[in-house]
Amino acid sequence: MPASLESTAAVPAPSRRSRFLRTLARAAAVPGRDPFAIVGLTIYLVFLLVALFADHLASRDPLEILFQANGRLARNLPPSSDFLLGTTHLGRDIYSQLIYGTRAALIVGVTAAIAVMIIGTLVGLVSGYFGGWIDSLLMRLADIALSIPFLPFVIVLTAFLRPSTWNIVLAVAILLWPNTARVIRSQVLTVRERAYVEAARVTGAGNGRILFVHVAPNILPLSFLYGSIAIGWAILTEASVSFLGFGDPDVVSWGYMLQDAFVSQALSRGSYHWFVPPGICIVLVVVAGFFVSRGYEEVLFPKLRD
Amino acid sequence: MLAGRHPVLHAVDGVDLTIRKGETVGLLGESGCGKTTTGRLILRLEEPTTGTIRFDGTDIVGLKGPALRAFRRRAQLVFQNPFDALNPRFTILRALAEPLVNAGIDRAEHRARIERALSRVHLPGLDRIAERFPHQLSGGQLQRIVLARALVLEPEFLVADEPVSMLDVSVRAGVLNVMREVRDAMGLAAVYISHDLALVRYVCERTLVMYLGRVVEDGPTEAVVRDPQHPYSRALVKAVPVPHVDQSHDPLPIIGSVPDARDPPSGCRFRDRCPSAVARCAEESPALREIAPGRRAACHLI
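As the structure is a computational prediction, the values presented were derived from the model and not from experiment.

Q: I'm lost on the interface of chain B and chain A in this one. Help?
A: The parts lose accessible area when they come together, and the size of an interface is often stated as this lost area. On the chain A side, the residues contacting the 38 residues of chain B number 29 residues. Both faces considered, chain B and chain A share a buried interface measuring about 3,100 Å² in area, 54% of it formed by carbon and sulfur atoms. Of all residues in chain B, D84, R89 and R128 of chain B bury the most surface against chain A, accounting for 18% of the area lost on that side. Remark: the boundary between chain B and chain A carries three salt bridges. Between R40 of chain B and E198 of chain A there is a salt bridge, with its nearest N and O atoms 2.1 Å apart. The tally of links from chain B across to chain A stands at twelve residue pairs in polar contact (both at pLDDT 80 or more). For the side of chain B that touches chain A, the secondary-structure elements that each account for two or more residues are α2 (65-74), β4 (75-78), α3 (82-85), α4 (92-102), α6 (126-129) and α7 (139-151) of chain B. For the side of chain B that touches chain A, the residue count by class is 18 nonpolar, six polar and 14 charged.

Okay, here's the thing in structure tokens:
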């Protein structure tokens, strides 16, 4: 023996499921080493908690029309201890709208991100691994999807389907998967040529096993990177679409709040307490997404640090 | 629209070889001569455009599904670069169990089989390395693990592609000795792919010399090394450095470098570098023919 091995305690073989969860957890924990990413993750965490406990945090129903003690409509009130952020011109509680808007934003953001991750990762894996006409077909589809302009597409989609937040999820999924797929594909192209992939083949592993057991774990952090970007994009898109008036009229979101403030001329009345908070929230979530992706990038491509 | 026109490169062309049970054959040649492609073809990692490859009587070209998996159990590969041949995310135990999982062998048998393979390559007990990752082991240990992985399925045939070229010189002999022991103990047939004449001489009974996708000489290793017949083999043997510091080296009998494989010379592929080429060499490609019992060469002048 060229070198002696010091003995290590035998660890019981982990089960298949826990191994998968560990891989996922490792991929998700990647950005934890970057200060920017920690800030981003903290912002996400705060918004996530707000969304989860919206029912307890919000003092009123966001669409309820409120009245003052003297029986008059509680419209355009400034912030007070009763209405933390004041009320809208229809007498609705802005603070409660902001809290419920967080929930709407996160539902859109997270589902869109998951959809983008799943579609983009699968397409990238299949395209890069199999190559040939499958690759050509999928990449030409990606080119087409990339050439579609974002907001007009969502508006057209709203015209064909009923106005709903799911349109936005659908549109983000349809238009954003190509970015993920292309990057994953290029990564698969390099992993595919590694000798251990060949080794798996020569010992009899099938394509499915090679793809999901040997190749996929190596590109998972990239999926998360593009997923975190998609969260911000989806929330931003939802806000834009709602602001333009094509959003779901029954869902209170930050974009809905901005649109409501805009049409009731809150700016000219100086009701900053109405439209500034949702604006700040949108900025924070989008910025958090880019901070997290920055963390992934630095860990995935260490050369960026120089 | 999508597919451009690519020049056709015949990496391997007209290779005709037979490996008998339990025989160790060396494929010798410089880089780009097609020896690795030949090895990959034999293991069905590459599909030949034409020709047949028979393993124990059955043509393995076009094998699919269970038949291909059955073949995979019987023929294995040892990789050149042990640092790349093991999945960095797999523990050693998982890496060694991979062939068994793929072959559908009962989990209860895994441990015993892995222990047996590890003892064959002289690695300490499984418990000490099971939960380690490849980057925690040395090159020599990794190459033994790569070899052990090839052995857990108890194959009958092994292809070793430059098995020690990535290792430190100090551990090469150890790995080669292990491979020799394994071959003798298991009665393996093996193909060693190498550019290193000394390695081939050390482990192989028979040697095939390749040049630009063709076999140019075939014979018992000692005979080929001591009395090479083909002009290229002669140059190859002569190029081996002699361990005398101040001894000046005779100039090699050949000049230039290997021509572009996309556009090989007409006739004999070696003729533009051959010191004794004649007019016939440009017109007619020499066949690999018997020149003495058990020896073949592809040259008009022999």
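Q: Can you help me understand the side chain of T38 of chain B in this one?
A: Topologically, T38 of chain B is positioned in helix α1 (residues 35-42). Other than its neighbours up to four places away in sequence, T38 of chain B contacts V12, V15, L17, L27 and M210 of chain B.

Q: Hey, could you run me through α4 of chain B in this one?
A: Two residues of an α-helix separated by three or four positions point the same way, owing to the 3.6 residues in each turn. Counting buried residues in α4 of chain B gives nine out of eleven residues, a clear majority hidden from the surface. Within the sequence span of α4 of chain B, burial applies to I92, L93, A95, L96, A97, E98, P99, L100 and N102 of chain B. In this fold, the buried residues of α4 of chain B make contact with α8 (195-202) and α9 (207-243) of chain A together with α2, α5 (107-120), α6 and α7 of chain B. Following α4 of chain B by one or two positions, G104 of chain B has its phi on the positive side, about 70°.

Q: Which parts of the structure should I look at to understand unusual backbone geometry?
A: One can expect most non-glycine residues to show negative phi and most peptide bonds to be in trans. Of note, D56 of chain B is a non-glycine position whose phi angle comes to about 50°, a positive value. Along the chain, D56 of chain B falls in the loop between β2 (54-55) and β3 (58-59).

Q: In this structure, what is going on with the pattern of salt bridges? I would like to understand it.
A: Pairing between side chains of opposite charge can happen when their charged atoms approach one another. All names here are of chain B. Applying the stated criterion across every chain, the model contains 27 salt bridges over all chains. Note that R280 and E284 form a salt bridge whose closest N and O atoms lie 3.3 Å from each other. Taking relative accessible area as the criterion, R280 reaches 39% and is therefore assigned partly exposed. A single salt-bridge network, built from bridges that share partners, covers R20, E23, R206, D218 and R296.

Q: Would you take a moment to explain the packing of aromatic side chains for this structure?
A: Any two aromatic rings considered together are summarised by their centre-to-centre distance and by the angle between their planes. On inspection of all chains with the given rule, the structure shows eleven aromatic pairs over all chains. Each ring, one from F36 of chain A and one from F291 of chain A, has its centre 5.1 Å from the other, and the planes form 75°; the classification is edge-to-face. Of this pair, F36 of chain A sits in helix α2 (residues 35-52) while F291 of chain A sits in helix α12 (residues 272-300), and the two are 255 residues apart along the sequence. With a centroid separation of 5.1 Å and an interplanar angle of 80°, the aromatic rings of F55 of chain B and F71 of chain B are classed as edge-to-face. Highlighted residues: F55 of chain B in strand β2 and F71 of chain B in helix α2, separated in sequence by 16 residues. Judged by relative accessible area, F71 of chain B falls into the buried class, the value being 4%. An aromatic cluster of at least three residues, connected via ring pairs, comprises F55, F71 and F157 of chain B. Looking at R94 of chain B, its charged tip hangs above the ring of F90 of chain B, at a distance of 3.9 Å from the centre. Taking NZ or CZ as reference, R180 of chain B lies 4.3 Å from the ring centre of Y202 of chain B, over its face.

Q: Explain a nonpolar patch on the surface to me, please; I cannot follow it from the model alone.
A: Residue and element names in this part refer to chain A. Judged by side-chain polarity, L45, L48, L49, L52, F53 and L57 come together as a nonpolar surface patch covering roughly 550 Å² of accessible area. Take the nonpolar patch: its biggest share by element is four residues, from α2. Structurally, the position occupied by L48 is in helix α2. We classify L48 as partly exposed; its relative accessible area is 39%.

Q: Quick question: what am I supposed to make of the side chain of E162 of chain B here?
A: Residue and element names in this part refer to chain B. Mapped onto the secondary structure, E162 falls in the loop between β5 (157-161) and α8 (169-186). It is K35 that comes nearest to the buried, bridge-free E162 among opposite-charge side chains, at 4.1 Å. Within the structure, the side chain of E162 is placed 2.9 Å from the side chain of H195, a separation counted as a polar contact.

Q: Would you mind going over the sheet that holds strand β1 (residues 24-28) of chain B with me for this structure?
A: Two modes of strand pairing occur in sheets, parallel and antiparallel, and in both the strands are linked by backbone hydrogen bonds. Residues and elements named next belong to chain B. Strand order in the open sheet formed by eight strands is β4-β5-β6-β1-β7-β8-β10-β9, with mixed pairing between adjacent strands. Where the open sheet ends on each side, the last strands, each with one partner, are β4 and β9 (289-292). Across this sheet, the average inter-strand angle for adjacent strands is 25°, counted without regard to direction. Bridge count for β1 against strand β7 (residues 206-211) is four bridges, and the pairing is parallel. Paired with L27 across the strands is L208, a residue of β7. Each of β1, β7 and β8 (214-220) touches helix α11 (residues 231-238); the most contacted strand, β7, lies at about 105° to it.

Each value, and the rule that gives it
- Numbering of residues begins from 1 in every chain and follows the order in which that chain's sequence is written.
- Chains and ligands are labelled by the order in which they are written, letters from A for the one and numbers from 1 for the other.
- Local features are withheld for residues below a pLDDT of 70 in this predicted model, meaning they are given only at 70 or higher, and side-chain atom pairs are given and counted only at 80 or more; totals for whole chains, interfaces and linings count all residues.
- Hydrogens and waters are ignored; side-chain quantities use all the structure's heavy atoms.
- Contacts: residue pairs with any heavy atoms within 4.5 Å of one another.
- Accessible area that two parts lose when put together, evaluated with a 1.4 Å probe and summed over both, is termed the buried area.
- Think of a salt bridge as a Lys or Arg side-chain nitrogen and an Asp or Glu carboxyl oxygen that are within 4 Å of each other.
- Under this definition, polar contacts are N or O atom pairs within 3.5 Å; protein pairs additionally need one hydrogen-donor-capable and one acceptor-capable atom, and for neighbouring residues in sequence, both atoms have to be side-chain atoms.
- The secondary structure listing takes helices from DSSP runs of H or I that are at least 4 residues long and strands from runs of E that are at least 2 residues long, numbered from the N terminus.
- Amino acids are sorted into nonpolar (Ala, Val, Leu, Ile, Met, Phe, Trp, Tyr, Cys and Pro), charged (Asp, Glu, Lys and Arg) and polar (every other residue, Gly among them).
- Partly exposed describes any residue whose relative accessible area lies between the buried limit of under 20% and the exposed limit of over 50%, with all areas from a 1.4 Å probe on protein chains only and scaled to the type maximum.
- Working definition: a ring pair exists when centres of Phe, Tyr or Trp rings (six-membered ring for Trp) sit within 6.5 Å. Plane angles under 30 degrees give stacked, over 60 give edge-to-face, the rest tilted.
- Only when the NZ atom of a Lys or the CZ atom of an Arg is both within 6 Å of the ring centre and within 35 degrees of the ring normal do we say a charge sits over the ring.
- Patch membership needs two things, relative accessible area over 30% and no salt bridge, and members are linked within 9 Å if like-charged or within 5 Å if nonpolar (Val, Leu, Ile, Met, Phe, Trp, Tyr).
- Note that accessible areas follow from Shrake-Rupley with a 1.4 Å probe, and for residues the cover is restricted to the protein chains shown.
- Positive charges come from Lys and Arg alone, negative charges from Asp and Glu alone, with His and the N- and C-terminal ends not counted.
- Two strands pair if DSSP finds at least two bridges between them.
- Here an axis means a line fitted to C-alpha atoms, over the contact stretch when the element is a helix, while the angle between two N-to-C directions is reported on a 0 to 180 degree scale.

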